[in-house]
Every structure is written in structure tokens, then in C-alpha cells.
Amino acid sequence: MSNTIGNSLFHQSFLSTKVVEHRRKSISPTCHYGSTVSQKQTNLLIPNSSISTSFIGNRLTMQKANFKMGKRVAISRSVRAVLAADSSSRLTENFSLDQNIELQVDVGSMASGYGIVVNIQTTINSSGLLLHWGALRSQTNQWTLPQKRPVGTMVYKNQALRSPFVRTGSLASLSIEIDDPAIDALEFLIFDEANNKWFKYNGGNFHIKLSNAVLETPGVLVPEDLVQIQAYLRWERNGKQNYSTEKQKEEYEAARMELLDELARGTSVTDLRAKLTRSSGTSQSKEQHVSESRGSIPDDIVQIQAYIRWEKAGKPNYSPEQQIVEFEEARKELQVELEKGASLDDIRKKISKGDIQSKVSEHMAKKTYSRGERIQRKKWDLMSLLTKYAPESVREKLPTEPTTLSAIQRFSALMEDRIVEPLASKKIYKLGEKELLVLVVAKPSGNKRVYLATDIEEPVVLHWALSTKLGEWAAPPSTTLPVDSVPLEQAVQTKFTLSSVEFQSFKVQYLEITIEDENFVGMPFVLLSGGNWLKNNGSDFYINLKTESKKISEDKVSDGRGTAKSLLDEISELESEAQKSFMHRFNIAADLMEHAVDAGELGLAAILVWMRYMATRQLIWNKNYNVKPREISRAQDRLTDILQDSYINYPQYREIIRMIMSTVGRGGEGDVGQRIRDEILVIQRNNDCKGGMMEEWHQKLHNNTSPDDVVICQALIDYIQGDFDIRKYWKTLNDNGITKERLLSYDRAIHSEPNFRMDQKDGFLRDLGNYLRTLKAVHSGADLESAIANCMGYRAEGEGFMVGVHVNPVPGLPSGFSDLLQFIMEHLEDKNVEALLEGMLEARQDLRPLLFQTNNRLKDLLFLDLAIDSAFRTAVERGFEDLSNPEKIMYFISLVIENLALSVDNNEDLIYCLKGWNLAQTMLNSGDGHWALYAKSVLDRTRLSLASKGESYHQLLQPSAEYLGAHLGVDDSAVAVFTEEIIRAGSAASLSLLLNRLDPILRQTAHLGSWQIISPVEVVGFVVVVDKLLSVQDKHYSKPTILVANSVKGEEEIPDGAVAVLTPDMPDVLSHVSVRARNSKVCFATCLDGDILTSIQTKEGKLLRLKPTSSDVVYSEVKDDELSSQDSLNEDLPAPSLTLVRKQFLGRYAISANEFTNDMVGAKSRNIAYVRGKVPTWVNVPTSVALPFGVFEEVLSNDLNKDVAKKLQVLKKDLDEGNFDVLGEIRSIVLELSAPVELVTELKEKMQSSGMPWPGDEGAERWESAWMAIKKVWASKWNERAYFSTRKVKLDHDYLCMAVLVQEIVNADYAFVIHTTNPSSGDSSEIYTEVVKGLGETLVGAYPGRALSFVCKKKDLNAPQILGYPSKPFGLFIRPSIIFRSDSNGEDLEGYAGAGLYDSVPMDEEEKVVLDYSSDPLIIDTNFRNSILSKIAHAGSAIEELYGSPQDIEEIGSTGTSFCSR
């Protein structure tokens, strides 16, 4: 409940003046930790002297100050530091401290006329000068530490104060005001922290004697009754504590002094009395005050009670004023307990159970309360968030021309061909423009043979040694030395020689060394050429002789399809080198970035997978290699600079580059990394902790710092803040994946637990807090505080932590951006997160334009954006528990979608989802009764968008994760969930949880129920759970089976033996699987309630009875013997006998609509011809011609296509023999057909005579497009789904013939399918219709999402009732063109649902458009919607009346006109 300002760099730098002033005025209880430990000082004799200007020995004495005021008034005094010397000082003494170093001490009265000021000035030239001081009370030689401390003062080990001097020119000065009568003297030393030097007086303390100094104010008298009231008010403010007699007197005089101060500022006694009597309500006597103070409650107990009240209230964000009220209310509650007879000990025991005290301590230390207002968000154009790039094929980019291999690469290939033994390792190092090859071969005898080669043209000498342990250079045995080697003291020099490999057409220098002694673990070396030493990025080269080639299980390794295989292979080869340290890994990653970018999105996916495995500790971080933190930091900086450049130059890869950056710390210049190494020494020196766990951690940091150190530092802070509870230390470690075994696994293991003293607490918390910022600055790119500091700039000074480190602000930041970041930090831990989330989104919106501009500090902005994104996710999860109101949940969903849209590319669908949620909230607020129904459609679309994003991630990343994981030996469980964990780490996971919370609320409000019934058939069957219906569509179940399929897309077959299909997916009512279910009398339903579906899944293997109604499915268990005789009878019934009549070619290649007959075309074409001229004039029928039955077979038999016919005959024979893999080859062969002249001539004549445009008039290419579309329709006879459907019902596939219906395509606004009898309920009294935007292919094909659906009673066609709003994310649109529709002789065969099995192909490609329903008049304009839907219903009724039976009608609509297309 503290309202103090934290000492983080951010808070100190960016608090606005208004907030600082607000906080200074805030009053709140504070909690003090530990106990005060006084330090004994030298006991010095001070002679009595009245000479005010003399120094005796090492003690300054001051003459008693006599101030006349009619009555001498002693005042209560305190201590504080000011930054300027007081001009009223009148006692001065100078000291010579060292060579030309002077010290001057002035003692005198304050300008106000009372009090003493001690001014200290010195010429010591240092930026880190501190006054190390304390106060002495009478009759004691122990230093005491006043509670009111100077600005910038630190407490040193609870034994002294350290106040900083302020430098002005060549002088450093400090002033201390004294007005406490209990303080007898001040003692001090001067400490030059920068140079670690002390300045003393003759080896002891400077001593300023103040005892017996009486401070008076002349001419002023304060009435005693007012002093009593003021003393009472002070007592109340201080918590009504139990005061000793001495303390009561001190407080009384302090009250007098406060009133004198008021009078000195010009307040009259009358005004003072009026003010005090208003404050107190009545005058209080000193006796009353003392009496009432008896039995008062200590503040620490009140703090605990206030914390308990705050928890019970739901941890609200109280204003400072409310905090004070709550604190006093807590005191009152405890006072009631006292009055009932409870003792303070009883109360303390009662409320201090468990870890409440540590909770209070943590809360007091961490929690800040600030302004409760919300930011004013700008009105952003949501479409400005759009980032859209052409999709990239998920396959490795291969160079169009063969890559020219370097001399070393060619030499390596030759050597690898010659070497028969297994390679232990291979590495090619870059030496500027030249290269160095190192091959290590494991001989059967256990020896190792090392091959080295380089294309350097000048003579090269290998300066090398062997090692039995890390870092050792030992002279190799003489038996190991190649010819002409020169032994040195601890090394050998051997010249390279020109290679003589057979057939070699290039020059390289070559060397071969055989190492027989197995005790040697490594071979360090450098090269000498042209008088220059050549090293590996400044370090020695090192060959690990113990490296064994990994044996990879063949069943785990894929063929690398869908990956940048060559890059992943290179990463695998380099992993043994990368394991040495983060410096090696980051440098290797930087070197590989060019290859990655050249390989495209898959190449960057390879880098992401590798870095992610590193970040999640699946790979070794450090192995037998010492590296300085600054070297790691420099390598990080290099990698992040390359990522920054790639982000600028390749905008289509920005999303994946962001993901890579999130796995890598920011890095920085060498001095930033070196701070890790230096500052741990400062911590150890400041806090007297040079052994145990801190020394082990120190050694680990010096050897190889890593992101684990951030967690270790935080664990230490939590341990200290938890009153040295070691459980908190381990909890923080374990929560972040660091176990005891991991601590022991470091090259410099951490064996010990922390064991600190109470007096070290304050120092440790201060220093570790500073150190944590340093660690995060290097390792944690997504840490918010360090990311803000890096962007806004900071200067770290004082406190011994790398004084002078300076980071400049990023230029060009938006106006007011720092205030926005300040708002975020102030609200970062708020329980009510709404204002915080708004602030974060506003900051990200402000940042966004800068992320698309070239800036050498761009990576700092990217890391800030990543940090805000990460903090946003955390805040959302914290706010979940308070969400139950649908309006609030919808608002949170819109915030999370906005955040997600700011993080990902190709976000158009997300933006339209966001617009949909905004519209849903508007509908709710305006009282629109359809708000819940519409919101449900937006929810379904949002789920589809998340699923689509997840699938794209899986397709891009999972193959690389599996391939690299197998090669690097990553744990199988980590590989299996790789993509899933990527998704969980983002806002998508939070969004999914919010959608799950809102879904049942919307269904209940919109009266949707838990089921959507597509085919209502009562069945009994055994439950079988499958992932995808597609995976079992060809299976035959011997028992009646209820399939529970997690995925049903719409184009699947229902397997034999399945009596029901239940799914959470929502295929359209007219999808193939829906039609198949209704025709086959299979129960088919969508379950909208995850709990219900899970309940059914748990009954796998059991026998259930399903009883569908119009909106529900009632299910119950039945016993096996309860299968009815009818069920058994149905099970044994043979499938209905279906036959196809082979159609013959009747000599016509093309016919017009008036020639459509049963022998020439299918039912689709005949129905179009039948309705022409018989429907209302506002229902148009498109002009049509057809290629009749038999044309395909005739074209195939034409001499033009005899080669095609032969190929097709061979493939069909394979198919008949059960080789189904040839179906795709057959389709490809059909596309090789050539068009006979007769076909072209007749089709042109029929189309032109019917008023249709002839494609060939636009050029030969247009006719070729039309001919290809015709062939694709014919080829669809061999679609897998179509072929297996005929086999299932035992139809002779050869008898299936395909006519082609040719129609014009008009530019359609909407497409719809009308069912004049409701297919879900069988109700013939109502018309059921589904409507989509654009072409109807999204309705009848396997396109995700639901159409707008409505029913209309036939007796009232002008009153359509909406059942569901659309959730299809895409619409298909096309320019005016021609479509070629399949029209087989099996599509309308009774008992065989052939509709939709075969393809309809437009001559031109449809444009796939992401749909924005928030601006669609069919959604937002009620009158327009009712008009359109009523016209559709009238059209359906008219066509049903024409046929005299229920009909399914496919139509399209444009600007109010309806076209009947089927």
C-alpha cells in the first residue's frame, strides 16, 4: 500500500512533474525492514568551551546560540540535507586534507531564525564523493540514523548514512540542517567512492559538537492549547503509538516547532487556531492525548490488517486518499478487538498466519498506486494496421543457376569421397575472402586423423598443440608430428604443403595429422601467414577430438521436405561449435543469416527453430569454453544488427524476424556486456559476500553468462524480499525451468544456497535490483523496463554501478510517447487491467509507423514493441478472473485482436474480425435484438482465423522442427509440441480463452442451443473418436458406429457402417458430406458445446442412442443386447442396387439449351432449360449451351489423341488392379487432350447463336483457357472422392459419363441455395436458405465458415427469420467470364448423392477476397436485408410451384436481380 516512487531508471527519468507532485503529497504507511544496528565510534573527550571559532583536537565545538523571544522556546529537530550552503553560516574552519585538498566546515543558524545548519565544502575532485556520517545523542557513543534522510542518501549496512556531495565547478558541497534537541553531535568521514579512498581527521572521525545548543525564535509565542492540539494531530498521523515519557516530550516540542514555522511564514495566531480547531473538532489536552495513546496498535499490525482488507476487496487500485482511509479503517477494526479484551500478541498471532507478512512486505515494496484515469485513445483507422504480402510457397528456394563451389568446398568433396571412415566433424571457417577446412576422421583403432586445408596463396604455418583439459596448450608427442615440424616449448609449428589430390584442378594448401593418444581431448591452433596471426574471430581455433558423429534414428528423420534442408544440415554440422558458448552460437547464426534470407521464409524458419531450441534450453549453452560477457554481448549485437537490416530489407519476412528476435537478447556494445562481469564484483564488495553461493555465481558469470542469470538474480531478490525464505528462491528458479541439477550442470557449477544476514538486506535489494536491469539489458530483449530505458535513454550514475554508462534516446519518437510509457509502467501491476491494455495498444500504435522506417536504432524499437506485446499478454491473463459480463468480454476480445493484428503479417482477416466485434458492441449498446446472433458469427470467424494462423505456423515451422530436432537429439516431446508452444506464447492463446468464455453466453442469449442439426436421424451405434473424418472415409465399420470427428471440412465421404457423425466443425448444409448424410439417412450434427462433445468422447467404445430434435441431440447409453431387431435388420440389409446406363456419343459436339434431353445431358442442364420462361421475370435464367454425353470419349478416340488414349488405358488397368495412386496421373493425362476441329467449330457456333461470347474472339490464349477448363471438368471424373464414392455403392465407374454445361458468369453480389423443405428438420412448411457473398463455390465447396442462413414460412414469405449470420472469411469474385459445369449421369441418381463430387471450372481464375461484413448492407441494413431475403424466398416458392415438388435451387443475385444457375 506504499505510494512511494520506485528507484528504477525509468521512474526516475520519466515521471512527469504533475505525477511527482501528486506523489509527494500522498501520505501512506510504510514498512521498515530489519533492525537498526549502531556502530560504536571512538570515544573522544570534548572540553567545555564557549569559544565559537576554535577547533580543539579533532572536535569542532559551537557556542550556545541565544535567541531572544520573550520566552525561550526549545524546539524539536530533525535532519535533512539541502543542496546549497546557507548564507547565514557564521562559524567557519578550514582543513588541509591532502596535497592541495581543502575542507571547510561552516556552522550557523538557519535563515528562518531558528535551527542550525552545517555546511561542508571540499576541493576533492571526484564524481563519486560521499559524506559517511551519523548523529550522536547525549550520553552515548553509538551512531543513530535519523528517519528523515537527505535526498540521495543511502543507508550503509544499517550503521551509517551516505549523502552525496553536489559538485559546482571545482567545489563539492553539502549542507545538513539540524533542529533535533536530542542530537548532541554529528560525526563524519568523507569517502571517495570512485577511487576507493577515505578522508579522515588524524585517523579518526570529524566530530561536530551540538549539545546544549538552545534554539529560540525571538518575539514569537505560541499558545499552549494550540501546541497540545498540534501534538495530538501528530500522534494521530503517526498511528497513535505508545510513546515513552521522553518521546512524548520530544513530540510535544516538535508540534510547537511546526506551529512556529507556520507563524514564521506569516500565518496569524487567529488563523492558526481556526485551522487547528477545524482539523481536530475540539481541543485536546496533552493528558487526553497521552491517555488515548495507551493501547494504540503498532503500524506493522495495522499494515497486515489493511492488506487483508485489500485482498478481501479484490485487490482494487485505491487512490492515495483511499489508501489512508483504508489504513485507518483497519486500525479501527483492530481497536475493536482490543476493546473486546484481546491483547496485541493475540491479534498479531491471529492475523499473521502463513506467509502473510512476506506478502505484505512484497506488496509494500513493489506496489505503486498512481493516477486512476485512462488515457484518451486516438481514433485509429483500423485498415492502417493492414500488412499484406503475397503468400510464399512453403518449399526451399533453390538457386536458378548451380552455385559455384569454392576451392575449399570442392577439395572437401574430393576428400570425403576418398575417406572411408566416418567423419567425426567437419567445419569450414571464413578467413576474410579465404577459407579453412577442418575434417576430423575417427579411425577404427580409436585414433583421430585431422585434415586441414586452406586456399590462402601465401605460405601458411600451423601453430598448434594438444590438450588434455580446457584451455591447455601442451606440446604434442614427437610421434604425432608431421614431417618438417618445429617443436617449441608448449607448441609445434608445421608448414602446410600444396595438395596433390588426384584430378584436382585447383590449388589448396593441405596438412594431415594423426593423433594416437586417446587422452588428448582437443587441439588448439592458430595460423601464421605473411607475418600475421590468423584466429577464429579473435580466439584460438579449437578442434574437439572427443566429438562423435550423432547416430540418428532413421524413423525420426524426415526427408527434409518442406524445409530449407541444406541450411538445416549446415546448422547440424555447426552445432558442436555453437555449443561452446553463446558467443559462438550468435556468431554462427549471424554468419548463416545470408543463407537463410536467400532460402526465403523456410530459411528464416530454420534459424527460428534453432534459436527457439536454444532459448528453451533444448541445446547446450556452454561446453568447455570460457568467454567474457562483453564477447557474448558483442556477438548478440552483431546478430541483432543483421536481423534489423533483414527486417528493413525484406518486409515480407518481418513477422518471422520478430519471432527470431524474441528468442535472442538485445545484446549491446562491449561495455554493456562487461558490466555483467564488473557489477557482480561491486555487489560482493558492497555487501560483504565473497564466499558461498555468491562466489559460485560470480565464477559462473565470469565463465559464461546466460539468460539463466536473469532468473537467478530474480530468485535472490524474491528470497531476500521474502524474509530470507529459501523456498521462495527455489520456487522462482523452478517456475522458470531451473532445477538443482541444472545449477550443477554449469561449467562453473552452483552448489550452494544463498545464506544472507539480516543486516545485508537493504544493500542486497538495492544492488541486485540494479544488477537485474543490467542482466535484462543484455539477455532479455522483451523485458519492458530495459526496453523502455534503451529507447528513451538513460544515464547510470552513482551507487558504484558502472558510473557514466550513457544511452541516448532513440530520435524521432512521437510527442507524448514518454508520458504514455510512464502511464504503462505506473499501471503495470493493476488488477483492473483495462486502462493498462488501452495504454499498451496506444503505445504500439504510436510505434508502428517507426517500425517501417530505416533507423539505426530500429532494433531498440522492435525490442520495445516485443516487450509491450509480452506485457500485454501477461496483463490480459491477469484480467481473466473479473470477466463475466458479455460487453466487457467482447471489449477485451477486441483489444486482444488489435494487439494480435499489430504483431502478425497478412492480418486482413483479423482486422475484419476486429471490425465485426466493434459492430457487435454497437449493436448491443443500441439494443439490437440480433447482437448475440451476430456476435456468435464473429466469434466463429475469429476461431477460424486463429485456426488458419495455427495451420500456417505448423506448415512453416513443424517440418523444420522435426528435421533439426532429430539431427540435434532434441527431446521428442519438445519436438512434438514445438509449433503448439510457439502459438501458446502469443496473444492467440489468450484470445482463444476469451472466445471460449463468451461462446456459451452468446449461445444462451441467442437461444442457439448446443447443437446444429444437419441430418436428423435417430440411431444407435458404438462411439468411435477420430481426429479427421477424411482419415477414415474409406474405412468399413463392421458395427453401427457413431463417429466423433474433430475435423470435418465438407468434402469427405461418410464411411460404410457409420450411422452418425458428430463434430465441432460447421460444414454448410449443402456441403457434400451434409448432402451425403441426408441421402444416406446418417445422423449428422455440429456440437457447439465443447463440454458436451467431450462427454460423448469419454464414452468411446460404448453403445449410445442419439435422438435428434430440431435444435438438440439427446443421447443415452444402451446395453449391447438392447439393439432393436430393426437395428439388426437394417444392419443386415443389402445396399440398394444402383446402376448407371452408359451414354453414347450421338454425333453432336455441342448443343443449345432447347436441345437438352435425357440422352444428351444430366439433370442440371435439363432443369435449367425447363425453368426458362416459366419463372417470374425478375428471376433470370443464364444462357446455356452444353458439350453432351460421349464427347469426352469421342475426343479421346480421335487420332489426335491416340498417344493419350494409350497412356490412359495403361493407367486405368493399374487402377482396376487396385493401384489408386494413379488417379492423379490419369487426371494429368486427360489434360493432354487436343481439341478436334469439329468440336471447336460446333461449340463456337452454338455459343454465338445463343448470344454467348466466343472466347477465341479474344485471342488464341483465351480459347486455350476455355479448353483447359473443359478438360479439367472431364478429369474430375477421377477425383479421389468421386472415384471412391462410386466404388462404395458398387457403380461401374466406366459407365459414368460427363456432360459439360457452359454458362456465362455474371458479377454476383451474393449467391444462395434455396431448400423449399427445411433439410435440418424436414419441415415442408418453411423455406431454408443459405446466402454467401460472391460466387456460390464457397457455399457448395469445402470453404471454411458458415453462410448467412434464414427460414421463411411459406404462408408469410415477407417475414424471413435469421438463423445465423455469416462467418465465412472469404468470398470468390470473378470478372464476366464463362464457367464449365460438370453434369454427370450419376449426380441425380436415386440413392447416390453425386452432386458436388465433380468439378465446375471457370475459364478465368476467381479472386479470393477477404470479406468485411461490418460494411455489408445485408448485415447492417435491416430493410435491405428483409427485402433481399424475401425476394429469395419468393423465388424459391415460385420454382417449387413450377415443379410441384420440393426443390434445391442454386442462384446468384446482383443489384436486386436473381439468376437461377442450377
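All values reported here derive from a predicted model rather than from experimental measurement.

A. Here's a closer look at the overall build of the protein. Helix and strand counts for the protein stand at 45 helices and 49 strands. The proportion of buried residues among the 1462 residues of the protein is 54%.

B. Highlighting the sheet that holds strand β23 (residues 509–515). Ordered by their spatial adjacency, five strands build an open sheet running β16-β17-β18-β23-β22, and the pairing between neighbours is antiparallel. Of all strands in the sheet, those bounded by a partner on one side alone are β16 (423–431) and β22 (497–498). Where strand β18 (residues 448–454) meets β23, seven bridges bridge the pair, whose relative direction is antiparallel. Bridging from a neighbouring strand, L452 pairs with L511 of β23. Running over the sheet, helix α11 (residues 407–418) touches β16, β17 (434–442), β18 and β23 and is turned about 15 degrees from β17.

C. Seen up close, the side chain of S1367. Note on placement: S1367 falls in the loop between β43 (1361–1364) and β44 (1370–1373). A distance of 2.8 Å separates a polar side-chain atom of S1367 from the backbone nitrogen of R1346. Among residues more than four places away in sequence, those in contact with S1367 are S937, D940, R941, L944, G1345 and R1346.

D. Representation of helix α3 (residues 224–237) within the structure. In a regular helix each residue adds 1.5 Å, so 14 residues correspond to 20 Å; α3 covers 20 Å between its end C-alpha atoms and thus fits that length. Taken residue by residue, α3 has L226, V227, I229, Q230, A231, Y232, L233, R234 and W235 as its buried positions.

E. Expanded view of the sheet that holds strand β38 (residues 1184–1187). Strands sit in the order β36-β38-β39-β45-β46 across an open sheet of five strands; the sheet is antiparallel. Every other strand in the sheet has two partners, leaving β36 (1151–1152) and β46 (1401–1402) as the edge strands with one partner each. Taken together, the two bridges between β36 and β38 define a ladder with antiparallel strand orientation. In the sheet register, I1151 faces β38, and the bridge partner there is A1186. In the packing of helix α40 (residues 1237–1249) onto the sheet, the strands contacted are β36, β38, β39 (1298–1305) and β45 (1377–1384), and the crossing angle to β38 comes to about 165 degrees. Contacting β38, β39, β45 and β46, helix α41 (residues 1260–1275) crosses the sheet at an angle of about 20 degrees to β45.

F. Main features of the nonpolar core. In terms of nonpolar packing, the biggest core is built from 157 residues, with W610, L864 and W917 touching the most fellow members. In terms of residue count, helix α29 (residues 931–968) provides more of this core than any other element does, 15 residues in total. Ignoring anything within four residues of it in the chain, the contact list for W610 reads I571, E575, A578, R585, I588, A589, L592, L619, L964 and L968. Residues V1230, I1270, V1302 and F1380 belong to the second largest nonpolar core, which totals 48 residues.

G. Representation of empty space enclosed by the protein. Evaluation of the coordinates by the stated rule reveals 10 cavities of 30 Å³ or more. There is about 150 Å³ of room inside the second largest cavity. Around the second largest cavity, the lining is made up of 17 residues, and of these Y647, R848, F852, L902 and D905 lie nearest the centre. Top contributing element to the lining of the second largest cavity by residue count: helix α16 (residues 654–662), with three residues. When the residues that make up the lining of the second largest cavity are grouped by side-chain class, the tally is seven nonpolar, three polar and seven charged.

H. Region of the structure containing the pairing of strand β12 (residues 171–178). Across the eight residues that make up β12, a large majority, seven, are buried. Pairing of strand β11 (residues 166–168) with β12 involves three bridges; the strand directions are antiparallel. The residue bridging V166 from the neighbouring strand is S173, located in β12. What sits between β11 and β12 in their antiparallel hairpin is a turn of two residues, with G169 showing a positive phi close to 65 degrees.

I. Structural detail: the packing of aromatic side chains. Taken as a whole and assessed by the stated rule, the structure comprises 28 aromatic pairs. Ring plane angle 75 degrees and centroid distance 5.8 Å describe the contact between W697 and Y771, whose orientation is recorded as edge-to-face. Residue W697 is found in helix α18 (residues 692–704), and its partner Y771 is found in helix α22 (residues 761–779); the two are separated by 74 residues along the sequence. We note that W697, like Y771, is buried.

Procedures and definitions
Residues numbered from 1 in each chain as written. Predicted model: local features only at pLDDT ≥ 70, side-chain atom pairs only at ≥ 80, totals over all residues. Heavy atoms only, no water. Helix = DSSP H or I, 4+ residues; strand = E, 2+ residues; numbered from the N terminus. Buried < 20%, exposed > 50% of the residue type's maximum accessible area, 1.4 Å probe, protein only. Pairing = 2+ DSSP bridges. Contact = heavy atoms within 4.5 Å. Axes fitted to C-alpha atoms, helices over the stretch in contact; angles between N-to-C directions. Polar contact = N/O pair within 3.5 Å; in protein donor to acceptor, adjacent residues only side chain to side chain. Expected span 1.5 Å × (residues − 1). Core = buried A, V, L, I, M, F, W, Y, C linked by side-chain atoms within 4.5 Å. 1 Å grid on protein atoms, 1.4 Å probe; cavity = no way out; pocket = protein on both sides within 12 Å on 5 of 7 lines; lining within 4 Å. Points joined across faces, edges and corners; volume = space filled by probe spheres on them. Nonpolar A, V, L, I, M, F, W, Y, C, P; charged D, E, K, R; others polar. Phe/Tyr/Trp six-rings, centres within 6.5 Å; stacked < 30°, edge-to-face > 60°.

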